[in-house]
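# Understanding the architecture of this molecule
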Amino acid sequence: MSDEVVTKLLRSREPLVIIEAAAGCGKTYQGASYAQDVVGSLGDGRLLILTHTHAACSVFADRTRTAGPRVEIKTIDALIAQIALAYHKPLDLPRDLTSWAWQNGGQGFEIMAAKVAGFLRLQPMVARALARRYPVIVCDEHQDSSVDQHGVVMSLLSAGSMVRIFGDPMQRIYGAKSDKAAREDRIRWEALKALGASERLITPYRWEDGCPLLGAWVVKARESLEQGTPIDLTNNLPPSVRVLPGNNTSQTRTGYQLSKEHRTPIDKVLRDTPQLMILASQNDMVTALRSFWGRAVPIWEGHTREALGTLVQTLRDEHGDAEALARGVITFMGSVAAGFSPSSHGNRLIQEIRAGAVRPTTGKPAHLQAIARSLLNDPTHIGVSDALSKISALVKEAASGFDTMKIDHSSELRDAIRIGQFAGPDEGFAEVSRMRSYSRPFPPRKVLSTIHKAKGLECDHAMLMACDKTQFTSTLYAKSKMYVALSRGKKSLTLVVPTSNPSPLFKLR
């Protein structure tokens, strides 16, 4: 459908409008343009833009900066947390929601969403108050919403908010990974379209100022994935799409090595491309690629909170227990750095804790003893902060026993150290999370990223590595993840595909 029809429909008095838009087809432009056009007519209310990633928040903030503070932009999790915080007592939720939500791998967010969705259904007065504050709501990437997140939005619609929903089922990469769950989400998406007025955006604008031929190829690749046929890499590729062989010869499950023949052209792409986002399917592969290039390419951490959230839970639960806190430090360092493991550092650190860290020693044991004393002298979040600060300094100094350690997630380590500046770990975690949300950082020009963390971002040049059948199977989830990766780059796309076990999503011969 033409953009003019979509533009008109968005500005109509329809209470619910659903726009289906493939990647790069102008949904962010349409959503931001609509927000800037209508924000002046909302009286005392505000226009709310809900996203699923902080990367998307950053993009919308840039696109709507002339609209001023009358446009609020936040993740849907943040909206739910805002409601949950205001009504935490009737919802039977803790007051310190920020750190609690990250417990057990982030399950707190799911619990919050379920409770808030049910609360709004039973308390329409609260939903009406929110609708008065947010008379217009724009939902981005709504295909990634859970049933409960969707329920929250529908409650606000029922309470009087006008809702404008943008989404694309082919970009569903959050939520359950099974084909059954993906099919159920597709059915729910079609049912949603039947509830309101809907249209489609189909013009690939993202590539107009980059490489239009690449944009047309991505559209065809999307069609292949939707139809269940492999993407043809054998002919009719635009010059901006390069396919390079890359057979992983590493003997370890989480390693990545290539022969000189395969590595040389890949290194050339990295060296000769002024800006490059290197995408991988899983965190383990990102870590392996970080080592593959000798840690010369940084990892895009995005708004990651997993490792720090786990550490904060330990700080809360094990306050006063130096050994338990030491185990938390060991787990945390194993998540953010290479070369710090129980066998290399952790076991000796525990020994020093148990022995009181008093026996005279030198070198690496002495450094671990100093770290242990930080925890023994102050077995709280402050002592842990001091211990982590010592580890960071030892790595920078290349001190004995720490000279081979490499910090891969430096932002996460810095934020963990900052926790010690606050009265308690929950207060520190809440402030660190708030600052990370409002700072809305963008990736470096050359960066490694998982596909999930690149969602909502675009770049000039992208390279997708390890396109094998382990990273990309033939499931609906894998197809969606592949499509998100293929559609990031505006000017060029490089695919590193092994000849020995390629992904079934590609046709190579």
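Residues numbered from 1 in each chain as written. Predicted model: local features only at pLDDT ≥ 70, side-chain atom pairs only at ≥ 80, totals over all residues. Heavy atoms only, no water.

## Re helix H12 (residues 283-292)
Condition: Buried means the residue's accessible area, taken with a 1.4 Å probe over protein chains only, is under 20% of the maximum for its type, while exposed means over 50%, and partly exposed covers the values in between. The secondary structure listing takes helices from DSSP runs of H or I that are at least 4 residues long and strands from runs of E that are at least 2 residues long, numbered from the N terminus. Here, residues are in contact when the closest pair of their heavy atoms is within 4.5 Å.
Residues Met-285, Val-286, Ala-288, Leu-289, Arg-290 and Phe-292 constitute the buried set of H12. Buried residues belonging to H12 abut helix H11 (260-272), strand E9 (276-280), strand E11 (406-407) and strand E12 (446-450). One or two steps after H12, the chain reaches Gly-294, where phi turns positive at roughly 60 degrees.

## Re the packing of aromatic side chains
Using the following cut-off: Between 30 and 60 degrees the pair is tilted, below 30 it is stacked and above 60 it is edge-to-face, where a pair is any two Phe, Tyr or Trp rings, Trp via its six-membered ring, whose centres lie within 6.5 Å. Put simply, a charge is over a ring when the Lys NZ or the Arg CZ is close to the ring centre, within 6 Å, and near the line of the ring normal, within 35 degrees.
Summed over all chains, the structure comprises three aromatic pairs. With centroids separated by 4.9 Å and ring planes inclined at 75 degrees, the aromatic side chains of Phe-292 and Trp-293 adopt a geometry described as edge-to-face. For Phe-292, a relative accessible area of 8% gives the class buried. The residue whose ring lies beneath Arg-263 is Phe-292, and the NZ or CZ to ring-centre distance is 3.9 Å.

## Focus: the sheet that holds strand E5 (residues 162-167)
Think of a sheet as strands paired side by side through backbone hydrogen bonds, with each pair either parallel or antiparallel. Quick reminder of the rule: The pairing criterion is simple: DSSP has to find at least two bridges between the two strands. Convention adopted: a line fitted to C-alpha atoms gives each axis, helices being fitted over their contacting stretch, and angles between N-to-C directions are expressed from 0 to 180 degrees.
Strand order in the open sheet formed by six strands is E3-E2-E4-E5-E1-E6, and the pairing between neighbours is parallel. Looking at which strands have only one partner, the edges of the open sheet turn out to be strand E3 (71-75) and strand E6 (197-201). When strand polarity is set aside, the average angle formed by the axes of neighbouring strands in this sheet is 15 degrees. The pairing of strand E1 (residues 16-21) with E5 spans five bridges and is classified as parallel. Paired with Val-17 across the strands is Arg-164, a residue of E5. Here helix H8 (residues 147-158) sits on the sheet in contact with E1, strand E2 (47-51), strand E4 (136-139) and E5, set at roughly 150 degrees to E5.

## Topic: the UniProt feature "domain: UvrD-like helicase C-terminal" (unreviewed entry) in the protein chain
How we decide: UniProt positions are given in the numbering used here, feature names are shortened, and annotations may be inferred rather than shown by experiment.
Here, the residues flagged by UniProt with the feature "domain: UvrD-like helicase C-terminal" (unreviewed entry) are residues 448-496. End C-alpha to end C-alpha, residues 448-496 measures 14 Å, and it is 31% helix and 35% strand.

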